[in-house]
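# An overview of the molecular structure
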Amino acid sequence: DQDWIFIDQRGAGLGRPSMDCPGAQLTDAGPPSAEDAARINACLKELARSGVDLSRYNAVEVALDVEDLRRALMLPKIDLFGGSYGTRIEAAIQTHAPEGVRVVVQDSPWPPEGGWAAGTPEQVSAAVALVLRKCATQADCAARYPDVAARFTETARRWMAGPQVIGGKTYTHEDLASFLMEATYSNGGVRRLPADLARISAGDLAPIDEVMAERSYYDEGQHMAHLCREELPFESAGRVQAGAGADPVAQLLVTSLNRLFDVCRGLSIAPAAPIENQPVRTAIPTLFLAAEIDPGCPPHLTQVAAAGYSASQVVIVANATHGVTGNNSCARAMARAFFADPTRPLDRSCLPAADTPLPFDLD
């Protein structure tokens, strides 16, 4: 009952120029090595030398692209649906081009005031701890992995002390960090987490090898151009370190996340105006669909951000992971109902109860 219009953000997909950086790895936990950070920095500098204005690849510019598209298609009003980084674009549209928007659905919201690097180590640690607590409340999972949390904490300390050579291959704590980020983002990764952490603590690093095989899913130049303008100028390496504190699991992520600041060093990208890192204030009806388990877009960010949306409804889905609508038919039905009539309270009866057991994949 609606037409859908999909866009590639400038610098990515079919957009030209492509701002991919071949040969460089970048994950949500940051560049896995100093060499990767240097390659991305060099890639961005080469893009700039070729005439690419790096200050024009960010949420504000994409928001204005969407508004240009709306006008070109002569659409009086549009609805917005976005997930993860797409919600950051939605927030920019609601700030800079609200007149053309009727209704917004944000799936796995990442609000402008939420940090990218700062806050992430403790969020990943909290997601791991939440999953392991859920395991501990289920007799079969608890019996199979009775001490997995304590053992993995010691494993994290050991990896932080130096590289691990296992099976003739050298692993760093950054490799373990990127595994944790990927595992706690995905439905399958969460269900396997107790088993995978037990395997890793026992010296079986197959789960890490699987993640290491594919660590280049970004158009690195496009992603970093945004972070270097609209995110990292409002954060600091010191805040990343301070947030991790003495938590060994959180500490695993500090090094790679702080390499993001190295990527931005020496680039001609002026910081964005402070408003791009401040909470949104809007009366546009907005539905927030947040996952209970999400290391990058945790539900507490949604709950705080929603205070500025006077016509919002917030749904936090128990046991869900990043990208709620992709794995939850109830969330999809809610999104459709909200688009149909954003003034009606949503029917939440199809949601799982807060204490619903999380189904684990046990070895």
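A short tour of the structure in this document, coming up.

One finds F179, L180, L197, I208, M224 and L260 to be the most contacted residues of the largest nonpolar core, which totals 86 residues. L289, A291, V315 and C330 belong to the second largest nonpolar core, which has 17 residues in total.

Right, let's get into unusual backbone geometry. In this model, R16 is joined to P17 through a cis peptide bond whose omega is 5 degrees. Within the secondary structure, P17 sits in the segment before α1 (34–49). Here the phi dihedral of M74 falls at roughly 55 degrees; this positive angle occurs in a residue that is not glycine. Counting through the fold element by element, M74 comes out in the loop between α2 (59–72) and β1 (78–83).

In spatial order, the strands read β1-β2-β5-β6; together these four strands make up an open sheet with parallel pairing. For this open sheet the edge positions go to β1 and β6 (312–317), each flanked by a neighbour on one side alone. For this sheet the average axis-to-axis angle between neighbouring strands, irrespective of direction, equals 10 degrees.

With that out of the way, let us pick up the state of the cysteines. What makes a disulfide is a covalent bond joining the sulfur atoms belonging to two cysteines. One pass over the full model with this rule turns up four disulfides. Each sulfur of the disulfide joining C21 and C43 lies 2.1 Å from the other. Measuring the twist about the S-S bond at about -85 degrees, one finds the C21-C43 disulfide to be left-handed. Of this pair, C21 sits in the segment before α1 while C43 sits in helix α1, and the two are 22 residues apart along the sequence. Note on accessibility: C21 and C43 belong to one class, buried. The connectivity of the disulfide-linked cysteines in the protein, indexed sequentially, is 1-2, 3-4, 5-6, 7-8. Not engaged in a disulfide, the cysteine C297 finds its nearest cysteine sulfur in C264; these two sulfurs lie 19 Å apart. For C297, a relative accessible area of 3% translates into the label buried.

Rules used in this analysis
Residues numbered from 1 in each chain as written. Predicted model: local features only at pLDDT ≥ 70, side-chain atom pairs only at ≥ 80, totals over all residues. Heavy atoms only, no water. Core = buried A, V, L, I, M, F, W, Y, C linked by side-chain atoms within 4.5 Å. Buried < 20%, exposed > 50% of the residue type's maximum accessible area, 1.4 Å probe, protein only. Helix = DSSP H or I, 4+ residues; strand = E, 2+ residues; numbered from the N terminus. Pairing = 2+ DSSP bridges. Axes fitted to C-alpha atoms, helices over the stretch in contact; angles between N-to-C directions. Disulfide = S-S within 2.5 Å.

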